[in-house]
Each structure stands twice: as structure tokens, then as C-alpha cells.
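As a plain string of letters, each chain reads:
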Amino acid sequence: MSKQTHILICGEVGVGKSTLIQRLLIRSSRQLYGFVTKKLEPDENGFHPIYIHPAGAMQRRYEEKNLIGTCDRRIHNINLDAFNTLGVAYLQAEPGGIILMDELGFMEAKAEAFTRAVFDALDGDIPVIAAVKARFDVPFLNEVRAHPRAKLCMITSENRDAMYDELLPVIQRWNSGL
């Protein structure tokens, strides 16, 4: 197993985790695998639907099968099957690629096949770049952040530009296969 470091970007909602990852991935020459999640505007009952999509998909679909859940400020309705089927499938990657996980949060913490696939990816040799929700009351997220092969980067609005400069050399090493 190589000593290559994965990148985990952790921060509060809206601080720029996904934006930083997008800026870095523009500089990557590798095939993109993994997933992105998208939270839509609330429905008439105040619930936000959240969907999972394959990373790099040019066209996103919003269907029942990729609906990972709905939530308001207090109630979360979670579709573990979407994580355990689509989420697991999206994490399957070929050597020479990069696995994007945008974003890891609390909703999938009980999706056993999915969480196993996340740790398999972190244990593997294909580079991983992930946005990780800043929830420290979720054991799954704490285990992800503590993974020995991952570089944990805490992003704030004050350091996000400097973090790009710090992480770009990692992406360049990945491009060269080191």
C-alpha cells in the first residue's frame, strides 16, 4: 500500500468546502469517480430533499432512486438504500482516478455498506478528496477524520485561499502518479 495521502476538507456549512474541491479538481488530469450531494429548496412542508449524484455527471437527475433523504431543522428522513446501492456503486473507481466524496455527513452514518465502502476507499491506493461535515457528535465522521492515511484540513473563510495553495501540490503529485 502506498503512503499517498487523501485529503479531507472539514468546515462549517457555507465556508467553501465544495468550492475549494472544485477549484482543485479543475487542475486534476485524472478520471473522476465518487459522488456529490445536492440539497434542494424546501417543499411546501418545509422539507429539503437531498439527492446523490455520480461525480462529474453533466446532467443530474432528481428521482426517487437517488433521493437520500429529506430534512428540516429537526426531522431527518433518511433513505439508507440509496446510500447502500448508488453510493456504494459511485465509490467504485479504477486505478488512475480520483474519488470525490462531496459531502460526508450524518445521514449516512447507519448505512453499513456505504460506510464500509468509504473506509475501503480511504484504505485504498486511489486518491480521495472529500468534504466532511463539521459534526463532531457523529462517530462515523470522527472515524473518517481520524483516518491515518488522510490529511485533515480545517477550512475557514479566512484560510480557504491559502488552503488552495497548500493543497494544489498534492493534486499535482496525484497527477504525476506519485
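Predicted model only: the values in this text are computed from it and were never measured. (Residues numbered from 1 in each chain as written. Predicted model: local features only at pLDDT ≥ 70, side-chain atom pairs only at ≥ 80, totals over all residues. Heavy atoms only, no water.)

Colleague: Can you break down the nonpolar core residue by residue, with the values?
Modeller: Ranked by size, the top nonpolar core spans 35 residues in total, and within it M101, L104, F114, V118 and V144 carry the most contacts. Ignoring sequence-local partners within four residues, the contact set of V118 consists of L91, M101, L104, F140 and V144. In terms of nonpolar packing, the next biggest core, distinct from the first, is built from 22 residues, L20, L100, I129 and W174 among them. (Core = buried A, V, L, I, M, F, W, Y, C linked by side-chain atoms within 4.5 Å. Buried < 20%, exposed > 50% of the residue type's maximum accessible area, 1.4 Å probe, protein only. Contact = heavy atoms within 4.5 Å.)

Colleague: Kindly report on the packing of aromatic side chains, identifying the contributing residues and their values.
Modeller: Applying the stated criterion to the full structure yields four aromatic pairs. Ring geometry for F83 versus F114: centroids 5.3 Å apart, planes at 55°, classification tilted. Remark: F114 occurs in helix 3 (residues 112-123) and F83 occurs in helix 2 (residues 80-90); sequence separation between them is 31 residues. With respect to burial, F83 and F114 carry one shared label: buried. With a centroid separation of 5.8 Å and an interplanar angle of 85°, the aromatic rings of F119 and F140 are classed as edge-to-face. Linking F119 in helix 3 with F140 in helix 4 (residues 139-145), this pair joins segments that are 21 residues apart in sequence. Among the residues examined, F140 registers a relative accessible area of 6% and is labelled buried. (Phe/Tyr/Trp six-rings, centres within 6.5 Å; stacked < 30°, edge-to-face > 60°. Helix = DSSP H or I, 4+ residues; strand = E, 2+ residues; numbered from the N terminus.)

Colleague: Account for the packing of helix 2 against helix 3, naming residues and giving values.
Modeller: Remark: helix 2 packs on helix 3, axes separated minimally by 7 Å, with the N-to-C direction vectors making an angle of 30°. By the angle between their axes, helix 2 is roughly parallel relative to helix 3. Only E112, A113, F114 and A117 of helix 3 make contact with helix 2, whose side of the interface consists of F83, N84, G87 and V88. For the contact of helix 2 with helix 3, the per-class residue count stands at five nonpolar, two polar and one charged. (Axes fitted to C-alpha atoms, helices over the stretch in contact; angles between N-to-C directions. Parallel < 35°, antiparallel > 145°, perpendicular 65-115°, else oblique. Nonpolar A, V, L, I, M, F, W, Y, C, P; charged D, E, K, R; others polar.)

Colleague: Quick rundown of the environment of R149? Include the residues and the values.
Modeller: Within the element layout of this structure, R149 appears in the loop between helix 4 and strand 8 (150-154). Sequence separation of R149 and D123 is 26 residues, and the distance between their C-alpha atoms is 7.2 Å.

Colleague: With reference to specific residues and values, describe the pattern of salt bridges.
Modeller: Taken as a whole and assessed by the stated rule, the structure comprises six salt bridges. The shortest N-O distance in the salt bridge between D125 and R149 comes to 3.7 Å. Highlighted residues: D125 in the loop between helix 3 and strand 7 (128-133) and R149 in the loop between helix 4 and strand 8, separated in sequence by 24 residues. R135 serves as the salt-bridge partner of D137, at 2.8 Å between the closest nitrogen and oxygen. On the basis of relative accessibility, which here comes to 27%, the residue R135 falls in the partly exposed class. One connected set of salt bridges, linked through shared partners, spans K17, E103 and K133. (Salt bridge = Lys/Arg side-chain N within 4 Å of Asp/Glu carboxyl O.)

Colleague: If you had to explain helix 3 to someone new, which residues and values would you point to?
Modeller: The end-to-end C-alpha separation of helix 3 is 16 Å, in line with the 16 Å expected for twelve residues at 1.5 Å each. Taken together, the buried positions of helix 3 are occupied by F114, T115, A117, V118, F119, A121 and L122. Looking at the buried residues of helix 3, the elements they touch are strand 1 (6-11), strand 2 (31-39), helix 2, strand 6 (97-104), strand 7 and helix 4. (Expected span 1.5 Å × (residues − 1).)

Colleague: Describe the packing of helix 1 (residues 17-26) against helix 5 (residues 160-175), and please don't skip the residues or the numbers.
Modeller: Between two packed helices, the angle of one axis relative to the other and the distance separating the axes together describe the packing. Between helix 1 and helix 5, whose axes approach to 10 Å, the crossing angle comes to 35°. As helix 1 packs across helix 5, the resulting crossing turns out to be right-handed. Counting all contacts with helix 1, which are made through L20, R23 and L24, the residues of helix 5 involved are R160, D161, M163, Y164, L167, L168 and I171. Residue composition of the contact of helix 1 with helix 5, by class: seven nonpolar, no polar and three charged. (Left-handed = near helix turned anticlockwise from the far one by under 90°.)

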